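Chain residues, written in single-letter form:
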Amino acid sequence: MSLENPSNYYTITKKYNLSYPALEEDIDAEVVIIGGGFSGINTALELAERGTKDVVVLESNYIGFGGSGRNGGHVMAGIGHDLDKIAKHVGPEGLEAILNISDTGASIIKDRMKKYDIDADFRHGYGYLGWNKRQAKTLQSWQKVFSELNPDQEISYLEGSEIQDIVGSEKYTCALKHMGNGHVHVLNLLLGAAKAFNETHGGKIYENTPALEVEYGDKIVVRTAKGSVRADKILWSCGAFLDQLEPEIHRSTVNVYAFNSVTEPLPEHIINKISAIRGAFSDISPIIDYYRVTNDNRLLYGTCGMLLEYVPTDLKLFLHKKLMRVFPYLKDVKLDLAWGGPMECTLNLFPQIGTLPDHKNAFFVQGYSGFGVTPSHVIAKVIADGMSDGSKAWDAMSSIPRKTVYGKDSCRSLVVSLGKISQQLDAYRVGRR
């Protein structure tokens, strides 16, 4: 299956058949957003809820074409990888501001689904998994932090046979059960939010409308093939599909490929063996296996689990072999679909937000590094803060310096492979290997 044709489990099970026109005129707006993924749509909805009029979203393909419509569907704790990597840049107060919002994503998602009656199959139950003593210590420390942030949720550390109560794999020796987190049908979640933005708040969405040129100034002009948007502010929210259109933010991320698959429907007893809580799971190594049970009794499994960066020629075979390492008793189970796509990563694996140098009305968000479903809902609120009166979280996150990823355009696979090796080595230091 071509990575440029992202037909997948979500596209064939979506419940919202929405379509929006291409832009074919010159219009004015308060805010124009380039990119119709979670960050773009959620920020648009946040702004509309706060009273901003005339918000316009431009999507070069269709809503959910990119990573927001192709991923594992995990609703996890946190806002980015390893906060210690950014602590020195934000100071104690900034770190506290980030921590205060870091585990609010699941509640934001659930509240939004309830408010707008979004049918996205949210289910509670999450397991962070490890297989050695270093990882056990890490999970124990996470249990303390998560419990302090969410004292009303069931969050418990498990070892030995207790692990089988949440996941039926003998690969793991320790686990952190977090019943406040879970999983969701990401495309339905995104489309439901787009529907709320468009129909409830009157926001404008244009699909099949790539931005071709952007002129900065007191008024920003975004030119497309058949029209333009003149706006007071812009948000770049293109993810892995920026395609060098804005060099300043292009320089500080690199695309990495991730892959997903879904099994044929499985009998109830096999599903219960895989997970009695019918949850979502990921190990805590830098290059993770992640999987979840869907509401229609399939196992959705994903990974970018290799040191050398390449796209497998037989994606189903590649993913099936990976799956067997976790669930060997599924050796005769068929994979109905396999798909993949790029995700943009930063050097510190932490999302980047801010404004462009010399253009304080030009905002950007990028670099979730494979960890975007839940944080994007939190960060959309932070960006909306930045576009209005600001906040401590905006000040902290936008102050984190962005480092250039050298060689990303000429030798991407080599750069990514070296990065993966570096992350694996560093993981021993932080207790994730």
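It should be noted that the structure appears before, not after, this text.
In this text, all values refer to a predicted model and were calculated from it rather than measured experimentally.

Visitor: Can you walk me through the side chain of Thr138 in this structure?
Guide: Residue placement: Thr138 occurs in helix H5 (residues 133–149). Classification of Thr138 by relative accessible area gives buried; the value is 8%. Setting aside residues no more than four positions away along its own chain, Thr138 makes contact with Ile284, Val430, Gly431 and Arg432.

Visitor: Looking at this model, I keep getting lost on the pattern of salt bridges. Mind explaining?
Guide: A pair can form between side chains of opposite charge whenever their charged atoms are brought close. Following the criterion strictly, the structure yields 24 salt bridges and no others. A salt bridge links Lys15 to Asp119, with the shortest nitrogen-to-oxygen separation between them at 3.0 Å. With a gap of 104 residues between them, Lys15 in the loop between helix H1 (9–12) and strand S1 (26–34) and Asp119 in the loop between helix H4 (105–116) and strand S4 (123–130) connect regions that are remote in the sequence. Residue Asp119 is classed as partly exposed on the basis of its relative accessible area of 38%.

Visitor: I tried to follow the packing of helix H2 (residues 38–49) against helix H6 (residues 186–200) on my own but got confused; where do I start?
Guide: Two numbers describe a pair of packed helices, the interaxial angle and the distance between the axes. Taken N-terminus to C-terminus, the directions of H2 and H6 make an angle of 35°; their axes are 9 Å apart at the nearest point. Helix-helix and strand crossings are classified by hand; for H2 and H6 the assignment is left-handed. Along the contact surface, H2 presents Phe38, Ile41, Asn42, Ala44, Leu45 and Ala48, while H6 presents Val186, Leu189, Leu190, Ala193, Ala194, Ala196 and Phe197. Looking at side-chain class alone, the contact of H2 with H6 contains twelve nonpolar, one polar and no charged residues.

Visitor: Got a minute to help me understand the pairing of S1 in this structure?
Guide: As defined by bridge partners, S1 adjoins strand S10 (residues 228–236) across eight bridges and the pair is classed as parallel. Each bridged residue has a counterpart across the sheet, and for Val31 the counterpart in S10 is Lys233. In this structure, S1 lies alongside strand S2 (residues 55–58), joined through four bridges in parallel fashion. Along S2, the bridge assignment pairs Ile33 with Val57.

Visitor: Looking at this structure, I do not really get the packing of H2 against helix H10 (residues 373–386). What am I missing?
Guide: Contact pair H2 / H10: the axes reach a minimum separation of 8 Å and the direction vectors enclose 40°. Here H2 lies oblique to H10, going by the angle between them. Judged by the sense of rotation from one axis to the other, the crossing of H2 with H10 is right-handed. Two secondary-structure elements touch here, H2 through Phe38, Ser39, Asn42, Thr43, Glu46 and Leu47 and H10 through Val373, Ser376, His377, Ala380, Lys381, Ile383 and Ala384. Its residues placed into classes, the contact of H2 with H10 shows six nonpolar, five polar and two charged.

Criteria and thresholds
Residues numbered from 1 in each chain as written. Predicted model: local features only at pLDDT ≥ 70, side-chain atom pairs only at ≥ 80, totals over all residues. Heavy atoms only, no water. Helix = DSSP H or I, 4+ residues; strand = E, 2+ residues; numbered from the N terminus. Buried < 20%, exposed > 50% of the residue type's maximum accessible area, 1.4 Å probe, protein only. Contact = heavy atoms within 4.5 Å. Salt bridge = Lys/Arg side-chain N within 4 Å of Asp/Glu carboxyl O. Axes fitted to C-alpha atoms, helices over the stretch in contact; angles between N-to-C directions. Left-handed = near helix turned anticlockwise from the far one by under 90°. Nonpolar A, V, L, I, M, F, W, Y, C, P; charged D, E, K, R; others polar. Pairing = 2+ DSSP bridges. Parallel < 35°, antiparallel > 145°, perpendicular 65-115°, else oblique.

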